[in-house]
Protein chains: 2
Amino acid sequence: MPTVPHIEKHFLGTQTVRDVVIGMADGLTVPFALAAGISAAVASTHIVVAAGLAEIVAGSIAMGLGGYLAARTDQEHFVSEEKREYFEVERVPEQERSELRDIFASYGLQSSELDAVVVALSADKKRWVDFMMRFELGLERPDPKRAPLSAMTIAASYFIGGLIPLAPYVIETDIHRALLFSVAFTGVALLVFGAVKGTLTGVNWFKSGLQTLLVGGLAAGAAYYLAGLFA
Amino acid sequence: MPTVPHIEKHFLGTQTVRDVVIGMADGLTVPFALAAGISAAVASTHIVVAAGLAEIVAGSIAMGLGGYLAARTDQEHFVSEEKREYFEVERVPEQERSELRDIFASYGLQSSELDAVVVALSADKKRWVDFMMRFELGLERPDPKRAPLSAMTIAASYFIGGLIPLAPYVIETDIHRALLFSVAFTGVALLVFGAVKGTLTGVNWFKSGLQTLLVGGLAAGAAYYLAGLFA
């Protein structure tokens, strides 16, 4: 359908952008906070790197497979709801017609218009079910190719995001300096990532950058403090 | 609106149930995999507990604040899209009317019915915008109280989920036995959690339990293997 240019763009562009944002946000934050927390408890960067890598792998797989299963569940849910709508349209058509009437009555249509709309919409079963799926249930047909792509995008983003806070512990053997470099690297990465995310979602980029930095900083600070208490 | 009993229930019941599922799924999986991974690299349960606690705290905060910001972003996005729709309805009403026509034409309404529907729907600006928000953009007005509640639910679920795989390392000082207990505890917890999640989402509970166990097991196995290689 024709639209005013630059109007009604979809939120976050594509699903792939959304998946990158989901994966990278957690990938930057959790391994960073974990490495900082372990730094407070142990003296060797070796253990930080081992634990960090374990976390990145575990997190990538858990998030990737979690994303895969969520996309699969969305698909199964859509199919089962669609079957139910077909069943209702065939078994209790008068009830479904009265639901259609109620929907349009709530938007101010009068009796004579209501009848015409209900007759027209319920003339074709497929169109009728499509309308109920979209309007009554607010469901859009998911793309079946989305699940594996979504899984890989989230996992790869988490992995790449997680390498940034961990890299200083690989290069630098002094754990205090490694921690400082990790804070600096990750701070910049969180700010840039938050700003880009803000631009893509139409939120102020500066505010988004600071918010993202704050989340990562709070998580890391709390992990550092708690692990330090325990060590 | 009246519905056939037990029909058209909302997916996953409430947002709170969904938040518990999100938090607990990752809380059971990632700390479990991390603890298993570190077990392969170090000999002391002390370090596993310190790293595990750091991870649980970091993960709870990152996921909780992430959920908070996501809910806030949804709200801001809704408000900005609503403003844009009001703007369009006022500035380019003919264009918006033609979008309404296109929508209903695609569902099989004929010319005379189309005119009546378009006139009725566009008679009141608020209803017109409500209709476009719901139907054209597929957006529902978010509950403003949701963001903080969502954050706390996700964080608490992650925290509680994470304590299950970690508990054996606190109680048992022999790291190999602690790992075995952790695998057993978490395996049972993943199966039960997956089965309950399956029941709530209307997917087969047995299949859902096995899938959830598989995700946790794969993530932990990969983390264990990788951290073992590195140690």
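Residues numbered from 1 in each chain as written. Chains lettered and ligands numbered in written order. Predicted model: local features only at pLDDT ≥ 70, side-chain atom pairs only at ≥ 80, totals over all residues. Heavy atoms only, no water.

1. Description of the overall build of chain A
Piece 1. Scanning chain A from terminus to terminus reveals eight helices and zero strands.
Piece 2. Relative to a compact globule of 231 residues, whose C-alpha radius of gyration would be 17 Å, chain A shows 25 Å and is clearly more extended.
Piece 3. Taking all 231 residues of chain A together, 50% fall into the buried category.
Piece 4. Expressed as a percentage of contacts within chain A between residues at least 6 apart in sequence, the contacts between residues at least 24 apart total 72%. (Helix = DSSP H or I, 4+ residues; strand = E, 2+ residues; numbered from the N terminus. Rg over C-alpha atoms; globule rule 2.2 N^0.38 Å. Buried < 20%, exposed > 50% of the residue type's maximum accessible area, 1.4 Å probe, protein only. Contact = heavy atoms within 4.5 Å.)

2. Let's talk about the pattern of salt bridges
Residue and element names in this part refer to chain B.
Piece 1. Per the counting criterion, the structure on display carries 16 salt bridges over all chains.
Piece 2. One salt bridge connects Arg141 with Glu82, and the closest N-O pair in it is separated by 2.7 Å. Taken together, the positions of Arg141 in the loop between α5 (125-136) and α6 (146-171) and Glu82 in helix α2 (residues 45-91) put the pair 59 residues apart, joining distant regions of the chain.
Piece 3. Assessed through its relative accessible area of 14%, Glu82 is described here as buried.
Piece 4. Notably, a salt bridge pairs Arg101 with Asp115, separated by 2.4 Å at the nearest N-O pair. Taken together, the residues span a long stretch of sequence, with Arg101 in helix α3 (residues 93-106) and Asp115 in helix α4 (residues 111-121) at a distance of 14 residues.
Piece 5. Overall, the relative accessible area of 38% leaves Asp115 in the partly exposed class. (Salt bridge = Lys/Arg side-chain N within 4 Å of Asp/Glu carboxyl O.)

3. Digging into the interface of chain A and chain B
Piece 1. Listed per partner, the contact involves 78 residues of chain A and 79 residues of chain B.
Piece 2. Buried area between chain A and chain B, both sides added, is near 6700 Å², and the carbon and sulfur share of it is 72%.
Piece 3. Summed over the shared surface of chain A and chain B, the result is two salt bridges.
Piece 4. With its nearest N and O atoms 3.5 Å apart, the salt bridge here joins Glu76 of chain A to Lys207 of chain B.
Piece 5. In terms of residues, the side of chain A that touches chain B owes the most to one element, helix α2 (residues 45-91) of chain A, which gives 24 residues.
Piece 6. Its residues placed into classes, the side of chain A that touches chain B shows 46 nonpolar, 13 polar and 19 charged. (Buried area = accessible area lost by both parts, 1.4 Å probe. Nonpolar A, V, L, I, M, F, W, Y, C, P; charged D, E, K, R; others polar.)

4. Focus: the relation of the copies chain A and chain B
Piece 1. Relative to chain B, chain A is turned by 180 degrees and slid 0.0 Å along the rotation axis, the superposed coordinates differing by an RMSD of 0.1 Å. The superposition operator between the copies reduces to a two-fold rotation axis.
Piece 2. Mapped onto chain B, 100% of the interface residues of chain A are again interface residues, and the two copies thus contact each other with one and the same surface. (Least-squares fit on C-alpha atoms with pLDDT ≥ 70 in both.)

5. Overview of the packing of helix α3 (residues 93-106) of chain A against helix α4 (residues 111-121) of chain A
Residues and elements named next belong to chain A.
Piece 1. For the pair α3 and α4, the least separation of the axes is 10 Å and the interaxial angle reads 130 degrees. Here α4 runs oblique to α3, going by the angle between their axes. Between α3 and α4 lies a crossing of right-handed hand. Judged by residue contacts, Arg97, Leu100, Arg101, Phe104 and Ala105 of α3 engage Ser111, Leu114, Asp115, Val117, Val118 and Leu121 from α4.
Piece 2. A class-by-class count of the residues in the contact of α3 with α4 yields seven nonpolar, one polar and three charged. (Axes fitted to C-alpha atoms, helices over the stretch in contact; angles between N-to-C directions. Parallel < 35°, antiparallel > 145°, perpendicular 65-115°, else oblique. Left-handed = near helix turned anticlockwise from the far one by under 90°.)

6. Examining the side chain of Thr186 of chain A
Residues and elements named next belong to chain A.
Piece 1. By the secondary structure assignment, Thr186 is in helix α7 (residues 175-201).
Piece 2. The exposure class assigned to Thr186 is buried, which follows from its relative accessible area of 0%.
Piece 3. If we ignore the near neighbours within four places in the chain, the residues touching Thr186 are Leu28, Phe32 and Pro165.

7. A word on the packing of aromatic side chains
The relative placement of two aromatic rings is captured by the distance of their centres and the angle of their planes.
Piece 1. If you walk through the whole model with that rule in mind, you get eight aromatic pairs over all chains.
Piece 2. Here Phe131 of chain A and Tyr107 of chain B contribute two aromatic rings whose centre-to-centre distance is 5.1 Å and whose plane-to-plane angle is 90 degrees, an arrangement assigned as edge-to-face. Here Phe131 of chain A, found in helix α5 (residues 125-136), pairs with Tyr107 of chain B, found in the loop between α3 and α4, and the two come from separate chains. Exposure class is identical for Phe131 of chain A and Tyr107 of chain B. Each is buried.
Piece 3. Each residue in the set Phe104, Tyr107 and Phe131 of chain A together with Phe104, Tyr107 and Phe131 of chain B is aromatic and connected to the rest through ring pairs, giving one cluster. (Phe/Tyr/Trp six-rings, centres within 6.5 Å; stacked < 30°, edge-to-face > 60°.)

8. Side note on the environment of Gly217 of chain A
Piece 1. By the secondary structure assignment, Gly217 of chain A is in helix α8 (residues 205-230).
Piece 2. Taking C-alpha positions, Gly217 of chain A is 12 Å from Gly37 of chain A, a pair spaced 180 residues apart along the chain.

9. Structural notes on the side chain of Ser39 of chain B
Piece 1. Take Ser39 of chain B: it is sitting in helix α1 (residues 15-41).
Piece 2. Ignoring sequence-local partners within four residues, the contact set of Ser39 of chain B consists of Val48, Tyr169, Ile175 and Leu179 of chain B.

10. A look at the confidence of the model for chain A
Piece 1. Taken as a whole, chain A shows an average pLDDT of 83; of its residues, 93% reach a score of 70 or greater.
Piece 2. At the level of chain-chain contacts, confidence expressed as ipTM amounts to 0.70, with global pTM at 0.76. (pLDDT = per-residue confidence, 0-100.)

11. Description of the nonpolar core
Piece 1. Of all hydrophobic cores here, the largest spans 58 residues; its most connected members are Ile38 and Tyr169 of chain A together with Ile38 and Tyr169 of chain B.
Piece 2. Those residues in contact with Tyr169 of chain B that sit more than four places away from it in its chain are Ala35, Ala36, Ser39, Thr45, Val48, Val49, Ile175, Ala178, Leu179 and Ser182 of chain B. (Core = buried A, V, L, I, M, F, W, Y, C linked by side-chain atoms within 4.5 Å.)

12. What about the environment of Leu226 of chain B?
Piece 1. Of note, Leu226 of chain B is situated in helix α8 (residues 205-230).
Piece 2. Excluding residues within four positions of it along the chain, Leu226 of chain B makes contact with Leu53 and Val57 of chain A.

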